[in-house]
Amino acid sequence: MSLLSPPSPEPTTSMVPDLDEVSTKMAEICEGDALLCSVLAGWMDNASWAPLVASAITILLIVILGFVVRNIANRLITRVVGRAATRPVGRFRKGATTAGVDALLHERRKQRAETMGSVLKHVATIVILGTTLLTVLDRLTIPIAPLLTSVGILGVAIGFGAQELVKDFIAGMFMLLEDQYGVGDVIDAGTAVGTVEAVTLRITRLRDEDGRVWYVRNGTITRVGNESQGWSRAYMDVPVAYDSDITTVRVLLEHVAEEMWADAELREAAIVEQPQVFGVEQLSDSRLVFRVSVKTLPAKQGEVARELRLRIKSALDAAGVPMVAGA
């Protein structure tokens, strides 16, 4: 054998089945089950249906896969929202947050998480099912370019016709993401001032001091003053006669501040820091004005201010220091 001649190929087993063997096995099947044989024969006679059946099965699998993916996405979003809503609320100061404040903070976190979860679910559903629909249309050899163009034109038309609605939704989305305010907060929304009772992507519902309910569209809110975020401040201006002894009045006010801070019930329920006496805030030819300031828990400034006025009035009366009317 020459060294340059190629080696002879080894015998291999053919992957093509023997037609005689296949015919023999089919004949044996037909002898055992005539119904199955007739079904096979009918199928072989109508082989033109095979591509249609395959396409139908493919489309069915695409639709099922789309709904499965959507359900998985919704479950993941629900799980994340549940964890965010049930996460423990951090206390503002150890021993200072009451059960009512904890409940409001928890409700605020829960509503914010549920609203964001609802938005994410709708977005996921639109994206997943929209992709599924386009895939099915493409499988059916239906041109989707004109459809996408028509949908784009329709979307632009709806956008122009519903600008205020879109503006409200976008403003509500950013308001929730930035956590500008929540349920239980006392806010000044420009058009209305009151306590927030509900927050959605489109509107914010407020209740004012008279019990009147206001529905404010989020797109119309250009500024928000939140009196309940983090902490609040209560203060009182104390006007006394011009000839009053400054040191005596200051000592009296500082004594009131120390008493309030020493009150365990008041400190645990509303006060964050020890009250401060700022000294003479205003000076005129008829009076001196001292200012006392107290940092409080959110939405507790009114309660603390009333208690502060009562204690200052009692202390001044006991010391014989008269208060004078404003000029």
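Here the structure is a predicted model, which means the values were calculated and not measured.

Observations regarding the overall build of the chain
Right, so step 1: Regarding its fold elements, the chain presents nine helices and eight strands.
Right, so step 2: Per-residue burial over the chain gives 28% buried out of 327 residues.
Right, so step 3: Residue pairs in contact within the chain that sit at least 24 positions apart in sequence constitute 66% of those at least 6 positions apart.

Some thoughts on the side chain of threonine 204
Right, so step 1: Among the structural elements, threonine 204 can be located in strand β3 (residues 203–207).
Right, so step 2: Polar contacts involving the side chain of threonine 204 include one to the side chain of asparagine 218, which spans 2.8 Å.
Right, so step 3: With residues near it in sequence (within four places) discarded, threonine 204 still touches Tyr181, Val196, Ala198, Val199, Trp214, Tyr215, Val216, Asn218 and Ile221.

Topic: the sheet that holds strand β6 (residues 232–241)
Right, so step 1: The sheet built from three strands is open, its strands ordered β6-β8-β7 with antiparallel pairing. Since the sheet does not close on itself, it has two edges, and those belong to β6 and β7 (276–283), each with one partner. When strand polarity is set aside, the average angle formed by the axes of neighbouring strands in this sheet is 25°.
Right, so step 2: When β6 meets strand β8 (residues 287–296), the two strands line up antiparallel, connected through ten bridges. Of the residues in β8, the one forming a bridge with tyrosine 235 is serine 293.
Right, so step 3: Along the sheet, helix α9 (residues 301–319) contacts β6 and β8; its crossing angle with β6, the most-contacted strand, is approximately 25°.

Some remarks on the pairing of β3
A regular strand places its side chains on the two faces of the sheet in alternate fashion.
Right, so step 1: One ladder, built from four bridges, connects strand β2 (residues 193–199) with β3; its direction is antiparallel. Within β3, the residue paired with valine 196 across the bridge is leucine 206.
Right, so step 2: Remark: three residues form the turn of the hairpin made by β2 and β3, two consecutive strands paired antiparallel.
Right, so step 3: Summarising the sheet, β3 and strand β4 (residues 213–217) pair through five bridges and their orientation is antiparallel.

Quick word on the nonpolar core
Side chains of a nonpolar character, in soluble globular proteins, are inclined to be buried together.
Right, so step 1: Judged by nonpolar contacts, the single largest core of 24 residues is most densely connected at Val238, Val240, Leu253, Phe290, Val304, Leu308 and Ile312.
Right, so step 2: Among the elements of the structure, β6, α7 (246–262), β8 and α9 are those that each provide at least two residues to this core.
Right, so step 3: Among the elements that make up this core, the one with the highest residue count is α9 (six residues).
Right, so step 4: Judged by nonpolar contacts, the second largest core, of 14 residues, contains Ala192, Val199, Leu206 and Val216.

Side note on helix α6 (residues 163–178)
Right, so step 1: Look at α6: 22 Å from first C-alpha to last across 16 residues, which is about the 22 Å you get at 1.5 Å a residue.
Right, so step 2: When α6 is considered as a whole, its buried residues turn out to be Asp168, Gly172, Met175 and Leu176. Across the axial projection of α6, the buried residues extend over an arc of 95°, all falling on one side.
Right, so step 3: Directly after α6, the chain includes aspartate 179, whose backbone phi takes a positive value near 55°.

Structural notes on the side chain of aspartate 208
Right, so step 1: Tracing the sequence through the fold places aspartate 208 in the loop between β3 and β4.
Right, so step 2: For aspartate 208, the side chain forms a polar contact with the main-chain nitrogen of arginine 212, separated by 2.7 Å.
Right, so step 3: Sequence-distant contacts of aspartate 208, defined by excluding residues within four places in its chain, comprise Val193, Gly194 and Trp214.

Things to note about the pattern of salt bridges
Right, so step 1: For the structure on display, the rule yields 14 salt bridges.
Right, so step 2: Connected via shared salt-bridge partners are Glu164, Asp168 and Arg217.

Structural notes on the packing of aromatic side chains
Right, so step 1: Taken as a whole, this structure holds zero aromatic pairs when the rule is applied.
Right, so step 2: The ring of tryptophan 261 carries arginine 267 above its face, with NZ or CZ at 5.2 Å from the centroid.

Some points on α7
Residues spaced three or four apart along an α-helix point in a common direction, a consequence of the helix completing one turn every 3.6 residues.
Right, so step 1: End to end, α7 covers 24 Å across 17 residues, agreeing with the expected 24 Å (1.5 Å per residue, within 8%).
Right, so step 2: Where α7 is concerned, the buried positions are Val249, Leu252, Leu253, Val256, Ala257 and Met260. For α7, the arc enclosing every buried residue in end-on projection is 135°, short of the 170-degree limit, so these residues lie on one face. Those residues of α7 that are exposed and aimed more than 90 degrees away from the buried face are Thr247 and Ala262.
Right, so step 3: In this fold, the buried residues of α7 make contact with β6, α8 (264–269), β7, β8 and α9.

Focus: the confidence of the model for the chain
Right, so step 1: Averaged over all residues, the pLDDT of the chain equals 78, while 76% of them reach at least 70.
Right, so step 2: Here helix α2 (residues 34–45) stands out as the least confident element of the chain, with mean pLDDT 57; β4 is the most confident, with 93.
Right, so step 3: In this model, residues 1–5 is a region of pLDDT below 50 whose contacts with residues beyond four sequence positions or in other chains number zero contacts.
Right, so step 4: In the model, residues 11–16 has pLDDT below 50 throughout and makes zero contacts with residues more than four positions away in sequence or in other chains.

Procedures and definitions
- Residues numbered from 1 in each chain as written.
- Predicted model: local features only at pLDDT ≥ 70, side-chain atom pairs only at ≥ 80, totals over all residues.
- Heavy atoms only, no water.
- Helix = DSSP H or I, 4+ residues; strand = E, 2+ residues; numbered from the N terminus.
- Buried < 20%, exposed > 50% of the residue type's maximum accessible area, 1.4 Å probe, protein only.
- Contact = heavy atoms within 4.5 Å.
- Polar contact = N/O pair within 3.5 Å; in protein donor to acceptor, adjacent residues only side chain to side chain.
- Pairing = 2+ DSSP bridges.
- Axes fitted to C-alpha atoms, helices over the stretch in contact; angles between N-to-C directions.
- Core = buried A, V, L, I, M, F, W, Y, C linked by side-chain atoms within 4.5 Å.
- Expected span 1.5 Å × (residues − 1).
- Arc of directions from axis to C-beta.
- Salt bridge = Lys/Arg side-chain N within 4 Å of Asp/Glu carboxyl O.
- Phe/Tyr/Trp six-rings, centres within 6.5 Å; stacked < 30°, edge-to-face > 60°.
- Lys NZ or Arg CZ within 6 Å of the ring centre and 35° of its normal.
- pLDDT = per-residue confidence, 0-100.

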